[in-house]
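Notes for the structure review
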Amino acid sequence: MKHLCGNLTFWDSNFTKHTNLPDLPACFQLSVLPWTPCIFLWLTAPFYILYLKMSNRGYIMMSILNRIKTALGLILWIVCWTDLFSTFHEMNQNQLKPPVYFITPLVLGMSMLLATFLIQFERLKGVQSSGVLFIFWTLSVLCAIVPFRSKIMNASQAENDKLRFTTFYIYFSLTLLQLILSCFNEKPPHFSTVVTDPNVCPETTAGFISKMTFWWFTSMAIKGYKSPLENKDLWSLNKDDSSELVVPNLLNEWEKEKSKAQSEQSVKDQAAFRKTGPGAEPNHVSVSPEEEVLLSKQKEARQPSFLRALLRAFGPYFLIGSAFKLLQDLITFVNPQLLRMLIDFTKQRQAPSWWGFSLAFLMFGASLLQTLILHQHFQYCFVTGMRLRTGIIGAIYRKSLVITNEAKRSSTVGEVVNLMSVDAQCFMDLTTFLNMLWSAPLQIMLALFFLWQNLGASVLAGVAVMVLLIPFNAFIAMKTRTYQVEQMKYKDQRIKLMNEILNGIKVLKLYAWETSFKEKILQIRQKELNVLRKTAYLSALSTMAWISAPFLVALTTFAVFVSVDKDNILDAEKAFVSLSLFNILRFPLNMLPNVISSIVQASVSLKRIQDFLSHDELDPESVDRTNTSEYAVSVVNGKFSWAKQDQAALDNINVMVPQGSLLAVVGHVGCGKTSLVCALLGEMEKMEGQISIRGSVAYVPQQAWIQNATLRDNILFGRPYVEQKYRCVLEACALTPDLEVLPGGDQTEIGEKGINLSGGQRQRVSLARALYSESDVYLLDDPLSAVDAHVAKHIFDNVIGPEGALKGKTRILVTHGISFLPQVDNILVMVDGRVSEMGSYQQLLKENGAFAEFLRNYSLEDIIEDEDITDLLVEEEEEEFPEDALSNHADMVDNEPVVNEARRHFMRQMSIMSIDPENPKKMSRRRRCSERKHPESPTEKKDPKVDKLIQAETTETGRVKLKVYWEYAKAVGPLLSLFICFLYGCQSATSIGANFWLSEWTNDALNKSTTTTSTRVGVYAALGLSQSVLVMFSSFTLALGKIQAARKLHETLLDNKFHTPQSFFDTTPIGRIINRFSKDIYVIDELLPSTVLMFLGTFFASLSTMIVIIFSTPIFALVTVPLALIYFFVQRFYVATSRQLKRLESVSRSPIYSHFSETITGTSVIRAYGRNAAFVLMSDMKVDENQKSYYPGIVSNR
């Protein structure tokens, strides 16, 4: 340093520490202090500039604030270089200065230029507040405070160097001004969502300090404290956290992973093919059993890794949180060192008092900085978890829209809902403490290093204890994984059965089957609870081992330390510094097994999600949509199956449907009519042949799929509303009379699966949806089977038939209504999955083949009810269609009274309804839709107040009632609850006793006590081991209570749902009920007990700490009262908001699962109409709505 500083002193402890007026030497002030902020800026600048280049948020116009910052930066550069030129001038005057006088102004000047460049570059990249520059200016001001004080103290000597004295104070003033200005934000950048979004999250415009302290959240906290928060009070979700960006990002990485795995597999397959050699027979390759096993293992290994996709999609953001965690871990070990110095200070009576105050202030500062950094780490972890959940739910939803029928067999709705709720939650929970996987070993190593310095080789005894606990923990982790897999299996079975029960609850109640199905559910639940009990006992053992671990480590270390050498005295410094290090050691030792356990659980969830996302997808190219031939629909040599391994359900299919024709598909039950329609939609596996369809497709399934929406929305299905067209569709589908009966007309909300519509009404709504779509090709799978004969005739005449609304469109009609066959263009007869014959009605009758046989069998079964139906049809033909006949008819499924009339037609070899285009009555009926003036819709005539059928899920407001806590305590058992609290109290008492005993032990050296070392060690060991035993007992009793509560609460919920009237199920989405049985039961089973455990542990630890402090320093009792009041107010202030956000998040979660359950049942309809993208968007909106309340919820906990 002499070359740098010349004659100036760099360091002198007498000048700095051992004096009542401390100061830093001149060389230190000229080198280290000004260089520190510069080194920080130059080290971070390259990474920061790269980050700014990659993230362009728009640009900010040059503001007054920006101009002032830039001007000040340039003035600072001039001031710094004034010093430099002054030194050169002095050198010319033969006044030689040390090199530090040249280097420091040069470095400072270059740093000021860099800072000025960053101010402008940030403006161009849309940065409103700079964290890097704020830290730089803060460090500059802090490092200038000591020289500021020194120059004031030595002002009398400054006469010789007035220029540097002046420039320094200008420099200090300008850097302080820059620091103050950096606290203010620039205006939002142009073209950003901040300008357009009316309810933007304040975080996007918050400054660096506001983000670090989460001050931007205060406005919501105040609002939540004044009155319970509502959905409208929530801010919009940040763009980076929205499904719009998160899900495509994850899916892109997953697609890359899949394509990579496929390319590797193809390369290996080619290599394996080459190895067979040219001489080997291709169809007779002999493979030994060993080779078969190896090949099967290779195939398993080639599966794409969803974990890699997750790491690539969310890893970079998560690593920022990891960097904060590393910084926090390092700062954690500052306080034990400061404690050592503080204890050392108390021993030295001659030490200056400012040193003690400085140490206390530094301890407070280190703790404050540690807290700020820790919560930034948690924020990044929680946001990563949130994005993970969004990405996983989005990926699963998108996959469920395109999986094959074979895949649907292995993944039921209940299982997939579990993937979305429980498995996605597992990942979300894991991200919070995933960094502990590397942080815990780092903290353990650092703690042991400092303990080694404090206690020497004795610490190896403590290491040995930790090493011995590893196999025990590994065994628990392995068993936990096994139980986790088993538990998820039972959970899937329970949710699957529950889903089936809720779907068929009406039938179940009508047959009074509640008891038997309840027993079935409870049997599965009992198996689940048995596994949960085993897991809880393992967890109790693990808790005992790892809570006892720090104490056992301390005990063995202290015992060995005092035993190996008589000169080793356990004084206060060694004991309490070691204890502070052991307390640091406690958290990683406690958390590591939990993280390992969470990773084990997440690995199970990962495999389940990966298996689902790896399912085969329907081939979008199986149906050729670019058909330019004269035929609208054509199938050539088609061979189809429901799964790749299954036998062909349809074979040798050759169908040509001309443009604008009506083709009827007939045949006996199970002959493959519906399969043919599914094949045309691309729903089946195409084994051979070609399918081509020209234009768009509309599909009416055999079982109508109705959404939980208004009647109008069900018909429009995402298309714009056109009044004239809409009224024509309603009349054609015989829905107009029904609107008179429905309470809100076409604005009536339809329950899930059309629960408040009859079977025929549902089918007509489904048909109206197809008619309104104005598609080119209509696939109608037996739409007339669910309606009465007269309604069927009306629909055929007005919609499907040769003079109906679909005249000129290509229609493929699967039907059993033989009376309509004479009016169709062609008839296709299916027999055992093959096309038996195809032609017009007359041609097929003449051929006297399968079709004639089919008609003959149909007509000769029994002839009843002929006269009644004929009269009804003739009456309906002659007079206006009766308006009340439709809404009150008894809809019949799989029962066609029209057949009786058809039999009569066949017997007479003629049809009453023969092809007669000149029939004036029929023509007038068909023209009615366009010519008649439409009556006003019910919603226009009167504006009735339409009550929503599906009521929004309500939330509690205000504090959680004591009754809720009492209900859980009753479920656990009141006596057992008290016993658990008593055990925790005893555990804390033994902990206090152990600390008091250690305190007495450390005083032995000062008091020259005669108590033997063996007595000290023995009592300390007894107290510690009794604490371990009490921990084990409290964990076991809590596990017993947890299982008891889980059983009672689930049984009560199940019993309540089975005794709930049918009206509840009509007005409550199944997804909402499933949410109670999946996510909420998961919370009761697993999350709530661990929260109770943490609460009891924290409460009694805090209580014991306060008792110890008050006992040792009674005056502290006076401080506890105001501290308690402040804590109580802060807790009331933030918990009010946090609690309400938790409720809103819980309520907004159910619609995700309701929408998903609804989508799963209608995937074929959604695909047929090409509405995949719209439904994906709806799902994303529901997930984002849920995250809107979750995100401020995690911020409120900071």
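Owing to the predicted nature of the structure, the values given are computational and were not obtained by experimental measurement.

When helices and strands are counted, the protein chain shows 44 helices and ten strands. When each of the 1198 residues of the protein chain is scored for burial, the buried share is 51%. Long-range contacts, defined as pairs at least 24 residues apart, comprise 83% of the intrachain contacts of the protein chain with a sequence gap of at least 6. Surface accessibility of the protein chain: about 57500 Å² in total, with carbon and sulfur atoms responsible for 62%.

Moving on, we get to a nonpolar patch on the surface. A grouping of W42, L74, L106, M110 and L113 is seen on the molecular surface, where their side chains present a nonpolar patch of about 410 Å² in accessible area. Of all the elements, helix α6 (residues 100–124) adds the most residues to the nonpolar patch, at three residues. Summarising the element assignment, W42 is placed in helix α4 (residues 32–54).

Further remarks concern the sheet that holds strand β2 (residues 631–641). As a general point, the strands of a sheet are linked pairwise by backbone hydrogen bonds and lie either parallel or antiparallel. Pairing in this open sheet of four strands is mixed, and the strands run β1-β5-β2-β3 from one edge to the other. Two strands bound the open sheet, and with one partner strand each, they are β1 (623–624) and β3 (650–658). Bridging between β2 and β3 involves six bridges; their strand directions are antiparallel. Directly across from V635, in β3, lies its bridge partner V655.

Attention now goes to the packing of helix α14 (residues 306–332) against helix α19 (residues 436–455). For the pair α14 and α19, the least separation of the axes is 11 Å and the interaxial angle reads 15°. By the criterion of interaxial angle, the relationship of α14 to α19 is roughly parallel. Relative to α19, the crossing made by α14 is right-handed. Seen from α14, the contacting residues are S322, K325, L326, D329 and L330; seen from α19, they are M436, W438, S439, L442, Q443 and L446. The residue inventory of the contact of α14 with α19, partitioned by class, reads six nonpolar, three polar and two charged.

What follows is about the packing of aromatic side chains. Centre distance and the angle of the planes are the two values used to describe a pair of aromatic rings. Within this structure, the stated rule accounts for 37 aromatic pairs. An angle of 50° between the planes, with centres 5.4 Å apart, marks the rings of Y537 and F1036 as tilted. Of this pair, Y537 sits in helix α22 (residues 514–564) while F1036 sits in helix α39 (residues 1013–1059), and the two are 499 residues apart along the sequence. Against the face of F517 rests K520, its NZ or CZ located 5.2 Å from the ring centre. A cation sits over an aromatic face here: R712 above Y726, 5.5 Å from the ring centre.

Looking at the element boundaries, L176 is found in helix α8 (residues 162–182). For the pair L176 and S140, spaced 36 residues apart in the sequence, the C-alpha separation amounts to 8.4 Å.

On to helix α11 (residues 218–226). All buried positions along α11 are accounted for by T218, M220, A221 and G224. On an axial view of α11, the arc spanned by its buried residues comes to 160°, and they lie on one face. As for α11, its buried residues are in contact with α42 (1116–1161) and α44 (1172–1196).

A few words on the pairing of strand β6 (residues 697–700). Burial along β6 is two-sided: the residues V697 and Y699 and A698 and V700 are all buried. In this sheet, strand β7 (residues 777–781) lies alongside β6 in parallel orientation, the contact comprising four bridges. Residue pairing for β7: Y699 is matched across the bridge by L779.

To continue, consider the sheet that holds strand β8 (residues 810–814). Read from one edge of the open sheet, six strands run β6-β7-β8-β4-β9-β10, paired in mixed fashion. Both outer strands of the open sheet, β6 and β10 (834–839), are each paired with one neighbouring strand and no more. On average, each strand axis in the sheet is tilted by 15° relative to the strand beside it, whichever way the strands run. Packed onto the sheet, helix α28 (residues 759–773) meets β6 and β7 and runs at close to 175° relative to β6.

Among soluble globular proteins, nonpolar side chains are generally buried collectively. Core analysis: the biggest nonpolar cluster contains 140 residues, and I715, I827 and F851 have the highest contact counts within it. Examining the composition of this core, we find that eight residues originate from one element, helix α20 (residues 459–503), more than from any other. Counting residues in hydrophobic clusters, the runner-up holds 36 residues, among them L555, V562, F582 and V1017.

Let's shift gears to unusual backbone geometry. Even without a glycine there, the phi angle at F214 is positive, about 60°. With respect to the secondary-structure elements, F214 resides in the loop between α10 (208–213) and α11. Of note, the phi angle at D832 is positive, near 50°, even though the residue is not glycine. Inspection of the secondary structure assignment puts D832 in the loop between β9 (826–831) and β10. The exposure class assigned to D832 is exposed, which follows from its relative accessible area of 68%.

What follows covers the pattern of salt bridges. According to the stated counting rule, one finds 29 salt bridges in the structure shown. D611 is the partner of K607 in a salt bridge, and the nearest nitrogen-oxygen pair spans 3.2 Å. Taken together, the residues K607 and D611, both in helix α23 (residues 572–613) and four residues apart, mark about one turn of the helix. Take D611: its relative accessible area is 29%, and that puts it in the partly exposed class. Of the charged contacts, one joins E1185 and K1188 as a salt bridge, the two residues approaching to 3.6 Å between their closest N and O atoms. Taken together, the positions of E1185 and K1188, both in helix α44 and three residues apart, correspond to about one turn of that helix. Here E1185 falls in the partly exposed class, since its relative accessible area comes to 28%. Put simply, E253, K256, E257, R308 and R312 are held in one network by salt bridges that share partners.

On to the side chain of S400. Following the sequence through the fold, S400 ends up in helix α16 (residues 353–400). Look at S400 and you get buried, because its relative accessible area is 1%. In this structure, S400 is in contact with F612, F1156, I1160 and T1163, ignoring residues within four places of it in sequence.

Rules and cut-offs
- Residues numbered from 1 in each chain as written.
- Predicted model: local features only at pLDDT ≥ 70, side-chain atom pairs only at ≥ 80, totals over all residues.
- Heavy atoms only, no water.
- Helix = DSSP H or I, 4+ residues; strand = E, 2+ residues; numbered from the N terminus.
- Buried < 20%, exposed > 50% of the residue type's maximum accessible area, 1.4 Å probe, protein only.
- Contact = heavy atoms within 4.5 Å.
- Areas by Shrake-Rupley, 256 points an atom, 1.4 Å probe, with all protein chains shown as cover.
- Patch = residues over 30% accessible without salt bridge, like charges linked within 9 Å, V, L, I, M, F, W, Y side chains within 5 Å.
- Salt bridge = Lys/Arg side-chain N within 4 Å of Asp/Glu carboxyl O.
- Pairing = 2+ DSSP bridges.
- Axes fitted to C-alpha atoms, helices over the stretch in contact; angles between N-to-C directions.
- Parallel < 35°, antiparallel > 145°, perpendicular 65-115°, else oblique.
- Left-handed = near helix turned anticlockwise from the far one by under 90°.
- Nonpolar A, V, L, I, M, F, W, Y, C, P; charged D, E, K, R; others polar.
- Phe/Tyr/Trp six-rings, centres within 6.5 Å; stacked < 30°, edge-to-face > 60°.
- Lys NZ or Arg CZ within 6 Å of the ring centre and 35° of its normal.
- Arc of directions from axis to C-beta.
- Core = buried A, V, L, I, M, F, W, Y, C linked by side-chain atoms within 4.5 Å.

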